[in-house]
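Now for the letters of each chain:
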Amino acid sequence: MTRQQIQEFEQLQQHLRQAVVTTDAWAGEIKTVAGVDVAYEKGSDTLIAAVAVLDAHTLALREVVSFRGEATFPYIPGLFSFRELPAVLQALEKLPQAPDLVVCDGQGLAHPRRFGLACHLGVATGIPTIGCAKTRLLGEYQPLAPSRGSYAELVDNGEVVGRALRTQTDKNPVFVSVGHNISLETATEWVLRLTPLYRLPETTRAADHAVNTLLRATSASKDEDDSAKASL
DNA sequence: GCGACAG
DNA sequence: ATCTTGTCGC
């Protein structure tokens with residue numbers, strides 16, 4: 001990927017970011033919350049994207065859909081969404097009913113151009129999205145209390161781009177930021193609601209589990225193919 | 001120039 | 001993300 005091409009994608013992000021909405025832009029009640037995750041097969045660029053839909057009230061798993069394909073874009077930190085979004089969209093299309101809210105495994109506005117994966121997915125689908133990353137990409141934050149629920153603003157260039165949120169007492173915080181059609185305050189509430197037992201949201205855990213199960217299943221059948229070919 | 005850099 | 005064993009703890 002040339003520097004020229006990278007700049008073109010960065011400009012595309014600058015353009016698309018203008019469509020991001022940072023208020024609670026939905027009507028009615030959130031009944032389903034989905035988590036999305038992507039995993040890669042070790043050597044190749046073959047990937048599997050999974051969407052796990054949970055009941056927003058009970059957090060019970062309702063449905064899982066997935067898509068297996070090839071990554072067509074390299075991994076570049078600031079252009080992460082261009083790598084994973086296509087596969088995620090293909091998986092989402094398999095759902096008979098779109099979820100009311102999606103929690104992404106990555107950043108939303110807490111991004112160099114304020115357009116992380118969660119924003120990209122939200123703008124592409126219109127679905128409210130939250131970015132909930134395990135690690136920080138940018139920004140600074142003050143020390144936060146050790147108790148679950150405490151948080152500190154994530155500031156980048158004098159701008160609040162998200163929050164470092166403690167979802168479990170004495171465990172490292174997660175980094176929450178607005179994706180699309182939701183406020184930072186509401187996004188924080190949802191992430192807390194989704195983390196009654198673990199550091200990561202149940203949505204992310206369900207999607208991660210699904211993706212790894214599928215990865216094992218496909219690599220196992222691939223081994224069968226290989227041994228079958230070897231025995232010929 | 002050097003290091004850092006969501007997954 | 002992925003490569004990887006044992007180990008400490010509930």
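For the structure, check the block above.
What you see is a predicted model; the values in this text were computed from it and never measured.

### Brief notes about the overall build of chain A
- Counting secondary structure elements, chain A contains five helices and eight strands.
- For chain A, the succession of helices and strands along the chain, N to C, is α-β-β-β-α-β-α-β-β-β-β-α-α.
- For a compact globule of 232 residues, the expected C-alpha radius of gyration is about 17 Å, and chain A comes in at 18 Å, within 12% of that figure.
- Within chain A, residue pairs in contact and separated by at least 24 positions form 63% of the contacts whose partners lie at least 6 positions apart.
- Total accessible area on chain A stands at roughly 11,500 Å², and carbon and sulfur atoms take up 50% of it.
- Chain A carries 22 positive and 27 negative side-chain charges, and their two centres are separated by 3 Å.

### Here we look at unusual backbone geometry
- Positive phi values are uncommon outside glycine, yet Arg-114 reaches one of about 55°.
- Note that Arg-114 resides in the loop between β4 (101–104) and α3 (117–125).
- The buried category is assigned to Arg-114, whose relative accessible area is 8%.
- Even without a glycine there, the phi angle at Asn-157 is positive, about 55°.
- Topologically, Asn-157 is positioned in the loop between β6 (151–156) and β7 (159–165).

### Thoughts on the protein's contact with DNA strand B
- Close to DNA strand B lie 17 residues; Tyr-75, Pro-77, Phe-80, Gln-107 and Thr-135 are nearest.
- Backbone atoms, meaning sugar and phosphate, form 49% of the atoms of DNA strand B found within 4 Å of the protein.
- Between DNA strand B and the protein, one listed contact pairs a base nitrogen with a backbone N or O atom of Phe-80 at 3.3 Å.
- Separating a phosphate oxygen of DNA strand B from a backbone N or O atom of Lys-134 is a distance of 3.0 Å.
- Per-class residue counts for the surface near DNA strand B are seven nonpolar, six polar and four charged.

### Details of the environment of Gln-97
- Within the secondary structure layout, Gln-97 lies in the loop between α2 (80–92) and β4.
- Along the sequence, Gln-97 and Asp-208 sit 111 residues apart, while their C-alpha atoms lie 21 Å from each other.

### Quick notes on the protein's contact with DNA strand C
- Neighbouring DNA strand C are Ala-39, Tyr-40, Lys-42, Lys-134 and Leu-215.
- The backbone of Tyr-40 places a nitrogen or oxygen atom 3.5 Å from a phosphate oxygen of DNA strand C.
- Within the contact set of DNA strand C, a phosphate oxygen lies 3.4 Å away from a side-chain nitrogen or oxygen of Lys-134.
- When grouped by side-chain class, the residues that make up the surface near DNA strand C number three nonpolar, no polar and two charged.

### A few points about the sheet that holds strand β2 (residues 46–55)
- The strand order across the open sheet built from eight strands is β3-β2-β1-β4-β5-β8-β7-β6, with neighbouring strands paired in mixed fashion. On the outer flanks of this sheet lie β3 (61–70) and β6, each paired with one strand and no other. Between one strand axis and the next, the sheet turns by 25° as a mean value, whatever way the strands run.
- Of the strand pairs in this sheet, β6 and β7 are connected by six bridges, and their pairing is antiparallel. Across the sheet, the residue bridging to Glu-153 is Arg-163, located in β7.
- Along the sheet face, α2 touches β1 (32–40), β2 and β3 and points at about 50° away from the line of β2.

Scoring rules and cut-offs
Residues numbered from 1 in each chain as written. Chains lettered and ligands numbered in written order. Predicted model: local features only at pLDDT ≥ 70, side-chain atom pairs only at ≥ 80, totals over all residues. Heavy atoms only, no water. Helix = DSSP H or I, 4+ residues; strand = E, 2+ residues; numbered from the N terminus. Rg over C-alpha atoms; globule rule 2.2 N^0.38 Å. Contact = heavy atoms within 4.5 Å. Areas by Shrake-Rupley, 256 points an atom, 1.4 Å probe, with all protein chains shown as cover. Lys, Arg positive; Asp, Glu negative; His and termini not counted. Charge placed at Lys NZ, Arg CZ, Asp CG, Glu CD. Buried < 20%, exposed > 50% of the residue type's maximum accessible area, 1.4 Å probe, protein only. Near = heavy atom within 4 Å. Polar contact = N/O pair within 3.5 Å; in protein donor to acceptor, adjacent residues only side chain to side chain. Nonpolar A, V, L, I, M, F, W, Y, C, P; charged D, E, K, R; others polar. Pairing = 2+ DSSP bridges. Axes fitted to C-alpha atoms, helices over the stretch in contact; angles between N-to-C directions.

Nothing here speaks to function; it is all geometry.
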